[in-house]
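# Results of the structural survey
The lines below spell out each chain.
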Amino acid sequence: MAVQALYRKWRPQTFDEVVGQEHIICTLRNALTSGRIHHAYLFAGPRGTGKTTSARLLAKAVNCLAPEEQRPCNECAICRAVNERRLLDLIEIDAASNTGVDDVRELRERVGFRPNEARYKVYVIDEVHMLSNAAFNALLKTLEEPPPHAIFVLATTRPDKIPDTVLSRCQRHDFRRISLEKIVARLEWLAEQEHIQADREALTLVARQATGSMRDAESLLDQLASYGNAGITAVEVRSALGTGASETVLQVTDALAEGDVAQGLGAINAAMDEGADPRQFARQMVEHLRALLLLRLKSDVMLGHASDDLRPRLETQANAFSARALAQAVKLFNQAAAESKGGWQPQLPLEMAFIEAALPPEAGSPGSPNQSTPANPRTPPPARHSTSSPPKPRSASARSTSPTSSPAPRAAREPAVAYDVPTPGDSSLTPDALRNRWSELLNALRPRNLSLEALMHSCEPMAVEGNIVVLGFTHQFHRSKVEEERNKQVVEEVLSDLLGQRYRVRCILAANKQLFGKTQNPAPTVSRKMKDTEGVLGAQQERTALDTKPTLSAEQIIADDPLVRAAIEELGAQVVQR
Ligand SMILES: [Zn+2]
C-alpha cells in the first residue's frame, strides 16, 4: 500500500509529458500564452487518456507564478502545492462518488468567493455525466455567469450524456485513444526509469491489452513488475493475461450461448481468483463479443485478438447467438467495464452483466430491455429475472441482497430547488478565532457523537469562505468519515449553534505541515469540567502547549489516534503491545 502506483508516480507534470493528445495540448498552450482562457472546458474521451492529468496541468499553468511561457514551472509555490495536491483553489469533484452531488451544491455556494492563494479557482468535475438533473441545473447557472476568477474543467467518458445546455457553455476537447506505438514508447521509458527489465514484445502485448488507455497500460506494467524481479517477457505477459484470459473468455462465451449461468460464473470466479482484473476481463469480453457480432453480421472482420486456429471455434460461437443477443451482451459487458473503479465488490458488475446476458429476456420485454446505464453507478443493475434464481456468485451472494446495496436514489438526497445563493456570512470569523474555540466545539460534539468528536481532533479550520468553514485533515480516512452525510450534518449543527449563525463545512485534505502547530492530534484531555472556565485564554494555552510539540511515547501516539480512541471508548478495545 505504501508503494505508489506507477501511473500516479509518473503522472505528467508538464504539457510536454502528456502523450498522444498533442492537438489538445497545443490549443491549451496557445490559450495560456495569449491569455485567452475560457471559463469552462469539457474534456471528453475514453478512460486513462489524460483528461484529469490535463485538467491539473491547466490548473497549475493558469496559476503558476513563473513567466507565461514557462508555465507550469513545477517550482513555484503554486505548482508545488498542486503537485502535492494541497492547493485550496484546485477543487476536484468526483461526480460518481457519493459526495459528488453535495460537492456541486456547495460549489454554487462558494464559487463566488475569491481564490485563497491562487489567481483562479479551478473546479475539476470528474465523471461529470453522472450528475443528476438538479445538479446539472445548478452547474448550468454557475456556467452562465461564471465569476471571473473561476475555471471549470468537466471531464467525462460519456459526453453524449451531458445536457446540450451545459455543452454549449464549454470549450470542448476530445481526448483520443493513444496509439499502440506511443504507449509502447512510454512503457519503455517507464521501465527504464523504474529499472524494470522488459522486452519490447512484452511491452507491445501490454500496450495492446490496454486498448488505448495509458493508465491501464501503466497499471498492467505495474502488476507484471510486481510478480517477480527476473524481468518481464512476452511469455510471462501471455500467461498472465493472454492465452489464459482468452481461454476463459471463450469458456464464458460458451456458457453464455448455452445459458449455463453456473458454469459461466464459475469460470469468471476462477479467473478472478487467479488475479484477473474484473474490468479488464469485462473489456476482453466486450472485444470478443463484438468480434462475434461482426462475424455474425458477415462483416469482413479482422479477428486481431485471435489466432487462425481459433477461427472455427469463433464462428461456431458467433452462430450460437442472434445478432440482437450479441449486441445486448456487448452492451452489458461494456457497462461493467465502464463501472466506476473500486467499489466494495469489484467483480459484481461483471457477474451481473453475465447473468443478465445469459438469462432469457422476460416476457413483455422482447429482446431490447431498457439498458440505459443505471442512475447510480455504485449500484449494480438488479437481476431482472429473479424467478430464475441463478446460482449466486460465491462472494457476492450475501451482500448483494443486503440493504446496503439497495439503490439509494440520488434524487432523495438532493433538493430539486436551486441552491442558496452565497450569503456573506459573519465576516469577522477567522480560522484563528475558530481554532480558539475548537475545544468548545469538541465538547459540544462529545454528547452527540463520541467517535465524531474524536475524529474532529484530527482536523483544523483552514479557511472561512462566507458561511463555509474549510476543515483540513491530514488523513483521507478521517476526512471521509467526517464527510459522511450524517456526520457532516452533526458537525454543521454544532458549529452553527456554537457560532450563533448557520455554517456549513467543507473537508479537504491538507498536508501535515499546513496544520498549525500540530504534528500529532492534540491530547484529548480537556475535561468537561473545564468547559465553563475555558474561554479564549484556555484554548490559547492549550494551543501553546501543543506548539511545543512534546515528544510522545508510542503508546500515547497510538492512544491519541482518534479512531483508536473511539474504538477504546466505544467498543472497549485495548491497545495490545506487540
Ligand atoms: Zn509554477
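Before reading on, note that the structure itself is shown above.
Residues numbered from 1 in each chain as written. Predicted model: local features only at pLDDT ≥ 70, side-chain atom pairs only at ≥ 80, totals over all residues. Heavy atoms only, no water.

## Considering the overall build of the protein chain
Spelled out, the test is: Segments assigned H or I by DSSP are reported as helices when at least four residues long, segments assigned E as strands when at least two residues long, and all are numbered from the N terminus. A 1.4 Å probe rolled over the protein chains alone gives each residue an accessible area, and that area as a share of the maximum for its type sets the label: buried under 20%, exposed over 50%, partly exposed in between. Whether two residues are in contact is decided by their heavy atoms, any of which lying within 4.5 Å being enough. Areas reported here follow the Shrake-Rupley algorithm with a probe of radius 1.4 Å; residue values treat only the protein chains shown as occluding.
Scanning the protein chain for helices and strands turns up 26 helices and eight strands. Within the protein chain, the fraction of its 578 residues that count as buried is 48%. Long-range contacts, defined here as pairs at least 24 residues apart, represent 75% of the contacts in the protein chain between residues at least 6 apart. Working note: accessible area of the protein chain is about 28,100 Å², and carbon and sulfur atoms make up 52% of it.

## A word on the coordination of the zinc ion
Formally: Atoms of type N, O and S within 2.8 Å of a metal are treated as its donors, and for Na, K and Ca the window is 3.2 Å; water is not considered, so some sites may appear to be missing partners. Here the metal geometry follows the donor angles, with tetrahedral for four donors whose angles all fall between 85 and 135 degrees, square planar for four and octahedral for six when opposite donors are more than 155 degrees apart and every other angle is between 65 and 115, and irregular for all the rest.
The protein atoms that coordinate the zinc ion are Cys64 (SG), Cys73 (SG), Cys76 (SG) and Cys79 (SG), at distances of 2.2 to 2.3 Å. Geometry at the zinc ion is tetrahedral, judged from its four donor atoms and the angles of 101 to 117 degrees they form at the metal. Mapped onto the sequence, the donors of the zinc ion take the spacing C-x8-C-x2-C-x2-C. Pair noted here: Cys64 is in the loop between helix 3 (51-63) and helix 4 (77-83) and Cys76 is in the loop between helix 3 and helix 4, with a separation of 12 residues, a long-range link. Like Cys76, Cys64 is buried.

## Description of the environment of Gln171
Definition in use: Any pair of N or O atoms that falls within 3.5 Å is considered a polar contact. Within protein, one atom must be able to donate a hydrogen and the other to accept it, and sequence-neighbouring residues count only if both atoms are side-chain atoms.
Tracing the backbone through its elements, the reader meets Gln171 in strand 5 (residues 171-174). Sequence separation between Gln171 and Leu154 is 17 residues, and the spatial gap between their C-alpha atoms is 9.9 Å. Beyond its immediate chain neighbours, meaning those up to four positions away, Gln171 contacts His38, Ala40, Tyr41 and Leu42. For Gln171, the side chain forms a polar contact with the side chain of His173, separated by 2.9 Å.

## Some thoughts on the packing of aromatic side chains
Rule in force here: Put simply, two rings from Phe, Tyr or Trp (the six-membered ring, in Trp's case) pair if the centres are within 6.5 Å, and we call them stacked under 30 degrees between planes, edge-to-face over 60, tilted for the rest. The rule for a charge over a ring is simple: NZ of Lys or CZ of Arg within 6 Å of the ring centre, and within 35 degrees of the ring normal.
With the rule as written, the count across this model stands at four aromatic pairs. With a centroid separation of 5.3 Å and 15 degrees between ring planes, the pair formed by Tyr123 and Phe152 is classed as stacked. Separated by 29 residues along the polypeptide, Tyr123 in strand 3 (residues 121-126) and Phe152 in strand 4 (residues 150-156) bring together distant segments of the chain. Each member of the pair, Tyr123 as well as Phe152, carries the same accessibility label: buried. Members of the aromatic cluster, each reached through a chain of ring pairs, are Tyr41, Phe43 and Phe175. One cation-aromatic arrangement involves Arg215 over Tyr7; the distance from NZ or CZ to the ring centre is 5.9 Å.

## With respect to the packing of helix 20 (residues 438-448) against helix 23 (residues 485-499)
Working note: a packed helix pair is described by the angle between its axes plus the distance between those axes. Which entries qualify depends on this criterion: For helices, the fitted line uses only the C-alpha atoms of the stretch in contact; every axis is such a line through C-alpha atoms, and the angle between N-to-C directions lies from 0 to 180 degrees. An angle counts as roughly parallel when it lies under 35 degrees, as roughly antiparallel when it exceeds 145, as roughly perpendicular when it falls between 65 and 115, and as oblique in every other case. Each crossing gets its hand from how the near helix is turned against the far one by less than a right angle, where anticlockwise is left-handed and clockwise is right-handed. Lys, Arg, Asp and Glu make up the charged group, whereas Ala, Val, Leu, Ile, Met, Phe, Trp, Tyr, Cys and Pro make up the nonpolar group; the residues left over, Gly among them, are polar.
As a packed pair, helix 20 and helix 23 sit with axes 10 Å apart at the nearest point and diverge in direction by 130 degrees. As far as their axial angle goes, helix 23 and helix 20 are oblique. In this structure, helix 20 meets helix 23 at a crossing whose hand is right-handed. Where helix 20 abuts helix 23, its residues Glu440, Leu441, Ala444, Leu445 and Arg448 lie against Val490, Val491, Glu493, Val494, Leu495 and Leu498. Residues belonging to the contact of helix 20 with helix 23 are distributed by class as follows: eight nonpolar, no polar and three charged.

## Some words on the packing of helix 14 (residues 278-296) against helix 16 (residues 323-338)
Running from N to C, helix 14 and helix 16 point in directions that differ by 160 degrees, and their axes come no closer than 8 Å. As judged from the angle between their axes, helix 14 and helix 16 are roughly antiparallel. Seen along the crossing, helix 14 lies across helix 16 with a hand that is left-handed. In contact with Arg279, Ala282, Arg283, Met285, Val286, Leu289, Arg290, Leu292, Leu293 and Arg296 of helix 14, helix 16 contributes Ala323, Leu326, Ala327, Ala329, Val330, Phe333, Asn334, Ala336 and Ala337. In terms of residue class, the contact of helix 14 with helix 16 is built from 14 nonpolar, one polar and four charged.

## Notes on the pattern of salt bridges
Working definition: two side chains of opposite charge can pair if their charged atoms are close together. The condition is simple: Should a side-chain nitrogen of Lys or Arg be within 4 Å of a carboxyl oxygen of Asp or Glu, the pair is scored as a salt bridge.
Applying the stated rule across the entire model yields 26 salt bridges. With a closest N to O distance of 2.9 Å, Asp160 and Arg158 form a salt bridge. Its relative accessible area of 32% is what places Arg158 among the partly exposed residues. Ionic pairing is found between Asp254 and Arg313, a salt bridge with its closest N-O pair at 3.0 Å. Taken together, the residues Asp254 in helix 12 (residues 243-258) and Arg313 in helix 15 (residues 311-319) connect sequence positions 59 residues apart. Take Asp254: its relative accessible area is 22%, and that puts it in the partly exposed class. Connected through shared salt-bridge partners, Glu106, Glu109, Arg110, Lys488, Glu492, Arg502 and Arg504 make up one network.

## Regarding helix 22 (residues 476-483)
Just so we agree on the cut-off: Starting at the helix axis, one direction is taken to each C-beta atom, and the arc is that of these directions.
Here helix 22 has its buried residues at His478, Val482 and Glu483. The arc enclosing the buried residues of helix 22, seen along the axis, measures out at 135 degrees, which places them on a common side.

## Structural notes on helix 14
Put simply, the test is: A helix is expected to span 1.5 Å multiplied by its residue count minus one.
When the terminal C-alpha atoms of helix 14 are compared, their 26 Å separation across 19 residues agrees well with the 27 Å that a helix rising 1.5 Å per residue should span. Burial runs high along helix 14: 15 of the 19 residues are buried. Residue Lys298 follows helix 14 closely and has a positive phi angle near 60 degrees.

## Looking at the sheet that holds strand 8 (residues 504-509)
This is how the line gets drawn: Whether two strands pair depends on DSSP finding at least two bridges between them.
Ordered by their spatial adjacency, three strands build an open sheet running 6-7-8, and the pairing between neighbours is mixed. Here the strands that pair on one side only, and so sit at the sheet edges, are strand 6 (459-465) and strand 8. Going from strand to strand, the sheet's axes swing by 30 degrees on average, the running direction of each strand aside. Against the sheet, helix 23 touches strand 7 (468-473) and strand 8, its axis set at about 125 degrees to strand 8.

## Considering the pairing of strand 3
Judged by how many residues are buried, strand 3 sits mostly within the fold: six of six residues are covered. Side chains Lys121, Tyr123 and Ile125 project from strand 3 onto one buried face, and the interleaved Val122, Val124 and Asp126 project onto a second face that is buried too. Inspection of the sheet shows strand 3 paired to strand 4 by five bridges, in the parallel sense. In the sheet register, Val124 faces strand 4, and the bridge partner there is Val153.

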